Amino acid sequence: MSKKLLLIGVGKAHLSLLRKLKTNPLSDCEVTLLNPAYTYHYSDMFSGFVEGIYQLEDLQIDLADLTEKAGIRLIQGAALSIDVKQKMVLTEKGDILSFDCLSLDIDTREKEIEILPEQENIVRYDRKHQIERFQNHESKNGTVVIVGRGAPSIEISFAFQAWKQTHGDDEEVILISSKNSCEGNGNQESQRLKAMLRNAGVQVQENEKVVEVGERSIITDKRTISYDCLFWMTGPEAPKIYTSSKLPTDDQGYLLVEDTLQVKEFPFIFGAGNGVTIRNHPNLPRNGTMAEKQGEVLADNLKGYLGSGEGYHFEPQKRPLSIVSVGHQKALLKFGSFSTTGKLAWKLKNKIDCRFVASFR
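Residues numbered from 1 in each chain as written. Predicted model: local features only at pLDDT ≥ 70, side-chain atom pairs only at ≥ 80, totals over all residues. Heavy atoms only, no water.

Helix and strand counts for the chain come out as eight helices and 26 strands. Its C-alpha radius of gyration of 21 Å places the chain within 12% of the 21 Å reference for a compact globule of 361 residues. Over its C-alpha atoms, taken along the principal directions, the chain stretches across nearly 65 × 40 × 35 Å. By residue count, 52% of the 361 residues in the chain fall in the buried class. Sequence-distant contacts in the chain: of pairs separated by 6 or more residues, those separated by 24 or more amount to 63%. As displayed, the chain has an accessible area near 16,800 Å², and 46% of this comes from carbon and sulfur atoms. (Helix = DSSP H or I, 4+ residues; strand = E, 2+ residues; numbered from the N terminus. Rg over C-alpha atoms; globule rule 2.2 N^0.38 Å. Buried < 20%, exposed > 50% of the residue type's maximum accessible area, 1.4 Å probe, protein only. Contact = heavy atoms within 4.5 Å. Areas by Shrake-Rupley, 256 points an atom, 1.4 Å probe, with all protein chains shown as cover.)

Structure representation (structure tokens):
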């Protein structure tokens with residue numbers, strides 16, 4: 001009798017797993033993927049899309065096509081709760097999915113979304129499909145406010161500003177952060193990126209907390225700012241399903257796994273991507289590079305658990321490559337102690353990103 005492997009969510013870790021299963025399927029195993037959407041939007045190319053360098057189809061991965069080629073059943077929906085004892089998952093539509101082995105790669109949510117009204121000119125970074133609205137030039141006109149910090153919000157700020165400079169739009173791009181806007185990039189790179197943002201004309205306002213969001217304005221603890229488009233990128237928050245399902249988590253609610261990517265108390269449950277914390281590596285950045293590397297280990301360990309019994313331990317890169325797009329097809333590249341800025345760095349990023357998306361087609 002074949003075993004049942006249930007995959008919940010699609011981030012870079014599960015994408016890497018799906019790619020492996022397409023060429024090397026699991027024997028005697030029925031694989032099902034539960035995901036809210038049939039299309040994956042590759043966020044590393046968002047800034048290039050906003051700037052007008054890429055078309056929407058350049059950053060889309062067709063999950064229906066990918067799973068069909070891999071012989072995997074795809075169900076559209078989201079997991080509502082996990083019953084560990086019965087080995088069942090309840091979906092938001094009321095379906096019950098049973099499993100012998102479960103793998104979780106659930107996307108994180110943006111923080112403080114409860115203060116956001118539902119309106120067309122507010123874009124949430126955790127709703128990847130909302131990026132589609134920037135196909136139209138009108139969506140990028142006027143004052144754009146980005147609330148957030150870290151590499152994604154920096155890249156989007158540069159992208160909007162570059163688009164405006166190219167199209168003669170003199171309205172402001174404003175980046176608001178409750179802390180250091182360039183957090184996570186190292187002190188030297190952080191100062192460099194902030195200087196580059198300001199030199200490009202982006203208004204950088206740090207240590208400023210948004211307390212209220214209206215239809216056309218936001219109120220911070222220091223001022224009121226009008227906007228035509230608001231981009232909400234406040235950083236990751238752990239999926240609620242882990243705590244509600246009484247799975248082991250860290251103090252922030254992220255699923256706690258060992259370096260085999262298994263939950264210690266329930267070795268038939270695996271987790272990877274931005275929604276998990278690895279016990280032996282608790283301070284890893286929650287980014288696509290780490291998630292993709294976890295996906296490679298995840299594929300081998302799921303195969304080992306369901307078959308051979310062999311497994312591997314995840315070891316993070318000691319000197320990860322970081323490339324941040326800074327607009328006008330230029331980027332800041334950092335590898336260890338080496339860093340450089342320019343068009344060659346962007347060309348490398350473009351090559352890596354395009355190759356990644358192409359590998360799923």
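Next comes the rest of the write-up.
Before going further, it helps to examine the side chain of Asp250. Along the chain, Asp250 turns up in the loop between α6 (241-244) and β20 (255-257). A distance of 2.9 Å separates a polar atom in the side chain of Asp250 from the backbone nitrogen of Tyr254. Among the polar contacts made by the side chain of Asp250, one reaches the side chain of Thr277 at a distance of 2.7 Å. Excluding anything up to four places from it in sequence, Asp250 contacts Leu256, Thr277 and Arg286. (Polar contact = N/O pair within 3.5 Å; in protein donor to acceptor, adjacent residues only side chain to side chain.)

This model, assessed by the stated rule, comprises 17 salt bridges. A salt bridge links Arg127 to Glu118, with the shortest nitrogen-to-oxygen separation between them at 3.2 Å. A residue is classified by how much of its surface remains accessible, and Glu118, at 63% relative accessible area, is exposed. Note that Lys349 is salt-bridged to Asp353, the shortest N-O span being 3.1 Å. Of this pair, Lys349 and Asp353 both sit in helix α8 (residues 343-358), four residues apart, roughly one helical turn. For Lys349, a relative accessible area of 9% gives the class buried. (Salt bridge = Lys/Arg side-chain N within 4 Å of Asp/Glu carboxyl O.)

What follows is about the nonpolar core. Of all hydrophobic cores here, the largest spans 93 residues; its most connected members are Leu104 and Phe231. Ranked by residues supplied to this core, first place goes to helix α7 (residues 288-308) with six residues. Setting aside residues up to four positions removed in sequence, Phe231 forms contacts with Val123, Tyr125, Ile131, Phe134, Val145, Ile146, Val147, Ile156 and Phe160. Among the nonpolar cores identified, the runner-up in size contains 14 residues, and Ile174, Val210, Ile218 and Ile225 belong to it. (Core = buried A, V, L, I, M, F, W, Y, C linked by side-chain atoms within 4.5 Å.)

As a further point, take the pairing of strand β1 (residues 3-8). The sheet contact formed by β1 and strand β2 (residues 29-35) spans six bridges and is parallel. Within β2, the residue paired with Lys3 across the bridge is Cys29. Between the parallel pair β1 and β2, the chain is carried across by helix α1 (residues 12-23), and the sense of this crossover is right-handed. Sheet topology places β1 next to strand β9 (residues 101-104); four bridges connect them, and they run parallel. (Pairing = 2+ DSSP bridges. Right-handed = clockwise from strand over helix to strand, strands pointing away.)

This paragraph deals with the sheet that holds strand β24 (residues 321-327). Strand order in the open sheet formed by three strands is β24-β25-β26, and the pairing between neighbours is antiparallel. Edge positions in the sheet fall to β24 and β26 (338-342), since each of these pairs with one other strand and no more. Direction aside, neighbouring strands of the sheet carry axes that sit 10° apart on average. Packing of α8 onto the sheet brings it into contact with β24, β25 (330-335) and β26, and relative to β24 it is tilted by some 110°. (Axes fitted to C-alpha atoms, helices over the stretch in contact; angles between N-to-C directions.)

To continue, consider α8. A turn of α-helix holds 3.6 residues, and therefore any two residues three or four places apart point the same way. For α8, which comprises 16 residues, the first-to-last C-alpha distance of 22 Å matches the rise-based estimate of 22 Å (1.5 Å per residue) to within 8%. Of the positions making up α8, those classed as buried are Ala345, Trp346, Lys349, Asp353, Phe356 and Val357. Taken around the axis of α8, the buried residues stretch over an arc of 100°, which confines them to a single face. Those residues of α8 that are exposed and angled more than 90 degrees off the buried face are Leu344, Lys347 and Arg355. (Expected span 1.5 Å × (residues − 1). Arc of directions from axis to C-beta.)

Tracing the backbone through its elements, the reader meets Gln294 in helix α7. Beyond its immediate chain neighbours, meaning those up to four positions away, Gln294 contacts Leu261, Ala272, Gly273, Val276, Ile278 and Phe314.

Across the sheet, which stays open at both edges, the three strands sit in the order β15-β16-β17 with antiparallel pairing between neighbours. In the strand order of this sheet, the two ends are held by β15 (210-213) and β17 (224-226), each with one partner. Going from strand to strand, the sheet's axes swing by 25° on average, the running direction of each strand aside. Here three bridges tie β15 to strand β16 (residues 217-220), and the two strands are oriented antiparallel to one another. Opposite Glu212, over in β16, you have Ile219 as the bridge partner.

Looking now at a nonpolar patch on the surface. Together, Leu321, Phe335, Phe338, Leu348 and Ile352 make up a nonpolar patch on the protein surface, roughly 400 Å² of accessible area in all. Structurally, Phe335 can be placed in strand β25. Its relative accessible area of 33% is what places Phe335 among the partly exposed residues. (Patch = residues over 30% accessible without salt bridge, like charges linked within 9 Å, V, L, I, M, F, W, Y side chains within 5 Å.)

Moving on, we come to the environment of Ile154. Looking at the element boundaries, Ile154 is found in helix α4 (residues 151-167). Taking the C-alpha atoms as reference points, Ile154 and Val326, 172 residues apart in sequence, are found 7.8 Å from one another.

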